[in-house]
Amino acid sequence: MTKSLFLSLIATLIVHTASATTELVRLYEWSPGNTLAPLILPVKTGETPEQAAQRYLQNLNRNPELMELFEGRLPEVRLSGFKPLDESRRESRALLVANLPKDYTRNSQRIENFQKIFAKGKHSSYILPINANLGLSQSETRDLFAQISEKFPFMVAMGGDDVEPALYKKQNTHSRNTIPARDMFEIELIKSYVTREKGFLLGVCRGSQISSVALGYKLIQDVPFHVGTKVSHGNDWHEVELKPTKHNILASLLGPGQNKMTVNSLHHQSVVFKEGGPLQLAAQGHDGVTEATEFKNGRGLLLQFHPELMNNELGSKILWRVLKQKNVVMPGRCGKVFSL
């Protein structure tokens with residue numbers, strides 16, 4: 001063995017050893033039998049997975065704000081079906097960030113649709129529970145976020161309720177069903193994920209809005225009130241105009257000379273786009289509402305519409321495109337999105 005090879009092996013061993021000793025939590029797959037995909041459970045040092053699951057549920061039950069979201073009833077999940085997260089399949093994992101009680105059941109159409117499309121691309125879907133850090137310390141939470149960045153090259157912030165306006169420094173005038181504890185957890189998770197630049201973030205509807213808030217943008221709290229009703233954004237379909245971006249993630253789906261697509265619409269809020277930030281405007285409605293943005297570094301796509309619920313070729317093509325983009329951006333680094 002040459003000296004250089006020997007030194008390289010020693011350096012690799014030191015890095016791996018250091019990484020192992022600094023992990024404060026271990027990630028387990030939790031398949032309780034009634035979810036569409038395994039839950040991701042952080043297990044603290046000295047805990048068994050069963051104890052970790054009990055700790056999560058007990059702390060959830062003690063949080064009045066989150067229990068209001070669950071209407072006072074804990075999710076029905078068995079304390080069984082645990083196994084360590086497979087370390088050998090990083091590139092084929094997709095993490096869906098839960099934000100509604102239905103995500104713990106088999107009745108979530110969005111999770112089912114995401115899972116089906118991702119499976120065709122040989123990606124396995126996992127669900128991150130709401131406020132998955134319940135019962136963890138700040139340092140353990142930071143380690144959880146770091147491991148998510150390292151072990152999940154693709155993360156989806158899904159649709160759902162409105163974001164608490166105080167988190168983008170506005171008074172609540174039209175926002176509904178806000179749960180600040182849930183929002184703060186997701187914002188810190190997203191900040192950590194995009195800052196580390198090890199994965200691709202897809203944000204859908206609420207996911208686009210909360211990701212934008214995490215990146216320093218503000219929201220229109222009610223489109224009909226503030227913008228008008230020229231375009232129907234609630235439970236309808238309408239045309240959007242695509243804009244050229246550095247990576248043209250959306251625009252690449254259309255033929256030469258084409259710049260319009262018809263999408264579904266299930267929202268009453270939207271992102272206030274501004275120039276100079278980490279995002280580029282990728283699609284806009286005829287009323288000026290932001291319909292899509294792309295990360296300047298190629299590591300994210302934020303959509304106001306729901307490709308997983310479109311149930312047509314375009315919806316599938318969009319999700320296939322982001323899986324392709326994930327693989328394109330993985331090898332290199334494109335510069336920091338922003339500094340925490």
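J.: Any details on the overall build of the chain? Residues and values, ideally.
T.: Each helix and strand in the chain was counted, giving nine helices and 14 strands. Computed over the C-alpha atoms, the radius of gyration of the chain is 20 Å, within 12% of the 20 Å expected from 2.2 N^0.38 for a compact globule of 340 residues. In terms of its C-alpha atoms, the chain occupies a principal-axis envelope of roughly 65 × 55 × 35 Å. Within the chain, the fraction of its 340 residues that count as buried is 55%. The long-range share in the chain, meaning contacts at least 24 apart out of those at least 6 apart in sequence, stands at 73%. Accessible surface for the chain amounts to roughly 15200 Å². Of this, 52% is attributable to carbon and sulfur atoms. Between the centroid of the 41 positive side chains of the chain and the centroid of its 33 negative side chains there is a distance of 6 Å.

J.: Residues and numbers for the packing of helix α5 (residues 138-151) against helix α6 (residues 180-196), please.
T.: In contact at an axis separation of 9 Å, α5 and α6 are set at 50° when each is read in the N-to-C sense. Our classification of the angle between α5 and α6 gives oblique. Judged by the sense of rotation from one axis to the other, the crossing of α5 with α6 is right-handed. Across the interface between the two elements, Arg142, Phe145, Ala146, Ile148 and Ser149 of α5 pack against Phe185, Glu188, Leu189, Ser192, Tyr193 and Arg196 of α6.

J.: Account for the confidence of the model for the chain, naming residues and giving values.
T.: Note: predicted coordinates in regions of low pLDDT should not be interpreted at a detailed level. The predicted model of the chain has a mean per-residue pLDDT of 91, with 90% of residues at 70 or higher. Scored below 50 in pLDDT, residues 5-9 makes two contacts in the model with residues more than four places away or belonging to other chains. Under a pLDDT of 50 for its full length, residues 331-340 has, in the predicted model, 23 contacts with residues more than four places off or in other chains.

J.: Let's hear about α6: which residues, and what values?
T.: With 17 residues, α6 extends 24 Å between its outermost C-alpha atoms, agreeing within 8% with the 24 Å of an ideal straight helix rising 1.5 Å per residue. Every buried residue belonging to α6 is among Ala181, Arg182, Asp183, Phe185, Glu186, Ile187, Leu189, Ile190, Ser192, Tyr193, Val194 and Thr195, and all of these are buried. Once α6 ends, the next one or two residues include Glu197, with phi positive near 55°.

J.: Quick one: what's the story with the side chain of Arg110, residue by residue and with numbers?
T.: Relative to the elements of secondary structure, Arg110 occurs in helix α4 (residues 109-120). Polar contacts involving the side chain of Arg110 include one to the side chain of Asn99, which spans 3.3 Å. If sequence neighbours within four positions are ignored, Arg110 has contacts with Asn99, Leu100, Lys102, Asp103, Met158, Gly159, Gly160, Glu308 and Leu309.

J.: Break down the packing of α6 against helix α7 (residues 206-214) for me, with residues and values.
T.: At a closest axis distance of 9 Å, the pairing of α6 and α7 adopts a crossing angle of 70°. By the angle between their directions, the pair α6 and α7 is classed as roughly perpendicular. In this structure, the crossing between α6 and α7 has a hand that is right-handed. Side by side, α6 and α7 meet where Arg182, Asp183, Glu186, Ile187, Ile190 and Lys191 of the first sit next to Arg206, Ile210, Ser211, Val213 and Ala214 of the second.

J.: For the environment of Gln209, give the residues involved together with the corresponding values.
T.: In this fold, Gln209 is placed in helix α7. With relative accessibility at 3%, the residue Gln209 sits in the buried group. With sequence-adjacent residues up to four places away left out, Gln209 is seen in contact with Val163, Leu219, Gln269, Ser270, Val271 and Gln304.

J.: Talk me through unusual backbone geometry; I want residue IDs and the actual numbers.
T.: Here Asn131, not a glycine, exhibits a phi torsion of approximately 45°, which is positive. Relative to the assigned elements, Asn131 resides in the loop between β5 (124-128) and α5.

J.: Pulling in residues and values, what's your account of the nonpolar core?
T.: By size, the foremost hydrophobic cluster in this structure holds 59 residues, and its most contacted members are Phe114, Phe154, Leu202, Leu250 and Leu301. When near neighbours in sequence (up to four residues on either side) are disregarded, Leu301 contacts Phe200, Leu201, Leu202, Gly203, Ile249, Leu250, Thr293, Glu294, Phe295, Ile318 and Val322. In this structure, Tyr126, Val213, Leu219 and Leu281 belong to the second largest nonpolar core, which totals 37 residues.

J.: For α4, give the residues involved together with the corresponding values.
T.: Given a rise of 1.5 Å per residue, twelve residues ought to cover 16 Å, and the 17 Å separating the end C-alpha atoms of α4 matches this to within 8%. For α4, the full list of buried residues reads Arg110, Ile111, Asn113, Phe114, Ile117 and Phe118. Down the axis of α4, the buried set is contained in an arc of 165°. They therefore lie on one face.

J.: Explain the environment of Thr45 residue by residue, including any values.
T.: Position of Thr45 relative to the elements: it lies in the loop between β2 (39-44) and α2 (49-61). Each C-alpha atom of the pair Thr45 and Leu24 lies 6.1 Å from the other, and the pair is 21 residues apart in sequence. Ignoring any residue separated from it by four or fewer positions in sequence, one finds Thr45 in contact with Glu23 and Leu24. Only 3.4 Å separates the side chain of Thr45 from the backbone oxygen of Leu24, close enough to count as a polar contact.

J.: Provide a residue-level description of the side chain of Ser265, including the pertinent values.
T.: Tracing the chain through its elements places Ser265 in strand β10 (residues 260-266). Residue classification places Ser265 among the buried positions, given a relative accessible area of 0%. A polar contact of 2.6 Å, which involves the side chain of Ser265, links it to the backbone oxygen of His233. Those residues in contact with Ser265 that lie beyond four places of it in its chain are Ser232, His233, Gly234, Asn235, Asp236 and His238.

The rules we used
Residues numbered from 1 in each chain as written. Predicted model: local features only at pLDDT ≥ 70, side-chain atom pairs only at ≥ 80, totals over all residues. Heavy atoms only, no water. Helix = DSSP H or I, 4+ residues; strand = E, 2+ residues; numbered from the N terminus. Rg over C-alpha atoms; globule rule 2.2 N^0.38 Å. Buried < 20%, exposed > 50% of the residue type's maximum accessible area, 1.4 Å probe, protein only. Contact = heavy atoms within 4.5 Å. Areas by Shrake-Rupley, 256 points an atom, 1.4 Å probe, with all protein chains shown as cover. Lys, Arg positive; Asp, Glu negative; His and termini not counted. Charge placed at Lys NZ, Arg CZ, Asp CG, Glu CD. Axes fitted to C-alpha atoms, helices over the stretch in contact; angles between N-to-C directions. Parallel < 35°, antiparallel > 145°, perpendicular 65-115°, else oblique. Left-handed = near helix turned anticlockwise from the far one by under 90°. pLDDT = per-residue confidence, 0-100. Expected span 1.5 Å × (residues − 1). Polar contact = N/O pair within 3.5 Å; in protein donor to acceptor, adjacent residues only side chain to side chain. Core = buried A, V, L, I, M, F, W, Y, C linked by side-chain atoms within 4.5 Å. Arc of directions from axis to C-beta.

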